[in-house]
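Structural features, examined
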Amino acid sequence: MLTEYLRKNFGINLSKKRTLVESRLNNYLVNNGFDSYQSYFNYAFNDKSGREMSQIINFLTTNFSYFMREWEHFKYFRDVVLSELKSVVRNDLCTWSAGCSTGQEPYTLAMLIEDFLSEQKEKWDAKVLATDISIKALDAAKAGIFNDDCLKKVPPYWKLAYFSKISNGKWQVKDSLKNEVIFRRFNLIEDTFPFKKKFHVIFCRNVM
């Protein structure tokens, strides 16, 4: 019942991942007094606020990423895509990170764009739209706090320019970079597409 609902409404296929579903939900069910998966699913499906289904999505989606992951994609974006777009787009660059997870991809894109445009950046509207289905992932992305391991591939001068060290092994994205990324919750298989502008570039690597 749950796997079919998730596949139909969110595009998440867990039909062969029963062990994953059980391992991620077990403690939550026990701690909240549910005596079976069926009783919990019935409760979640009847929750009109949608909060419980959002909780299930938070538990069952995998949000793993780090800065500069698969650098060749970003290098192509910088060296080829941005170079071509700069010659044809008039100070308005629309980039979408679909399935942005905990924010590493859109923040990386924002740093690349700022670095590429350099002193011309202030003349451009080049904010990055970042969407995900998981509220938990989006909250983490908005907080912008990452550990050393997550930033190990970030160039030292970017680390100094865009991050502040807040504790041992923890760094926080500076407001100057946060302001370049717009985070929104969005289900990619919804019928209604709420974005008015057309996008020049769409990253959906985490979805794939």
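A brief report on the enclosed structure follows. Here the structure is a predicted model, which means the values were calculated and not measured. (Residues numbered from 1 in each chain as written. Predicted model: local features only at pLDDT ≥ 70, side-chain atom pairs only at ≥ 80, totals over all residues. Heavy atoms only, no water.)

Looking at the packing of helix 5 (residues 71–88) against helix 6 (residues 104–117)
Selection rule: Throughout, an axis means a line fitted to C-alpha atoms (over the contacting stretch in the case of helices), and angles, computed between N-to-C directions, take values from 0 to 180 degrees. Going along the chain from the N terminus, every DSSP run of H or I of four or more residues is numbered as a helix, and every run of E of two or more is numbered as a strand. Under this scheme an angle from 65 to 115 degrees is roughly perpendicular, one under 35 degrees roughly parallel, and one over 145 degrees roughly antiparallel; angles in between are oblique. Each crossing gets its handedness from the near helix: less than a right angle anticlockwise from the far helix is left-handed, clockwise is right-handed. Residues count as neighbours in contact if any of their non-hydrogen atoms are within 4.5 Å of one another. Residue type decides the class: Asp, Glu, Lys and Arg count as charged, Ala, Val, Leu, Ile, Met, Phe, Trp, Tyr, Cys and Pro as nonpolar, and the leftover types, Gly among them, as polar.
Two elements in contact, helix 5 and helix 6, have axes whose closest approach is 11 Å; the angle formed by their N-to-C orientations is 45 degrees. What the angle tells us is that helix 5 and helix 6 run oblique. Both helix 5 and helix 6 take part in a crossing whose hand is right-handed. On helix 6, the residues that touch W71, F74, F77, R78, L82, S83 and K86 of helix 5 are E105, T108, L109, L112, I113, F116 and L117. The residue inventory of the contact of helix 5 with helix 6, partitioned by class, reads nine nonpolar, two polar and three charged.

Description of the sheet that holds strand 1 (residues 95–98)
Remark on secondary structure: sheet strands pair via backbone hydrogen bonds, oriented parallel or antiparallel. Put simply, the test is: When DSSP finds two or more bridges between two strands, those strands count as paired.
Ordered by their spatial adjacency, four strands build an open sheet running 6-2-1-7, and the pairing between neighbours is parallel. The strands lining the two open edges of the sheet, one partner per strand, are strand 6 (181–185) and strand 7 (201–203). Adjacent strand axes in the sheet meet at a mean angle of 20 degrees, parallel and antiparallel pairs treated alike. Bridge count between strand 2 (residues 128–132) and strand 6: five bridges; the pairing is parallel. Bridged to V128 within strand 6 is V181. Here helix 5 sits on the sheet and contacts strand 1 and strand 7; the angle it forms with strand 7, its principal contact strand, is near 165 degrees.

Thoughts on unusual backbone geometry
To keep things clear, this is the line we draw: Here's how the labels work: a residue is buried when its accessible area is under 20% of the maximum for its type, exposed when over 50%, partly exposed in between, all with a 1.4 Å probe on protein chains only.
Unlike most non-glycine residues, E70 shows phi in positive territory, near 55 degrees. A positive phi angle, near 60 degrees, is found at N91, a position not held by glycine. As for its placement among the helices and strands, N91 is situated in the loop between helix 5 and strand 1. Residue N91 is classed as partly exposed on the basis of its relative accessible area, which comes to 39%.

Digging into a nonpolar patch on the surface
Just so we agree on the cut-off: Two joining distances apply to patches: 9 Å for like charges and 5 Å for nonpolar side chains (Val, Leu, Ile, Met, Phe, Trp, Tyr), and every residue must have over 30% relative accessible area and no salt bridge. With residues, only the protein chains shown are counted as cover, and all accessible areas are computed by Shrake-Rupley using a 1.4 Å probe. Salt bridges are defined as contacts in which a side-chain nitrogen from Lys or Arg sits within 4 Å of a carboxyl oxygen from Asp or Glu.
A cluster of nonpolar side chains, L188, I189 and V207, forms an exposed patch at the surface whose accessible area comes to about 230 Å². Within the secondary structure layout, L188 lies in the loop between strand 6 and strand 7.

Here's the deal with the sheet that holds strand 5 (residues 170–173)
Sheet architecture is open: three strands sit in the order 3-5-4, paired in antiparallel fashion. Every interior strand has two partners, whereas the edge strands, strand 3 (145–147) and strand 4 (163–167), have only one. For this sheet the average axis-to-axis angle between neighbouring strands, irrespective of direction, equals 35 degrees. Across four bridges, strand 4 lies against strand 5 in antiparallel orientation. Within strand 5, the residue paired with K165 across the bridge is W171.

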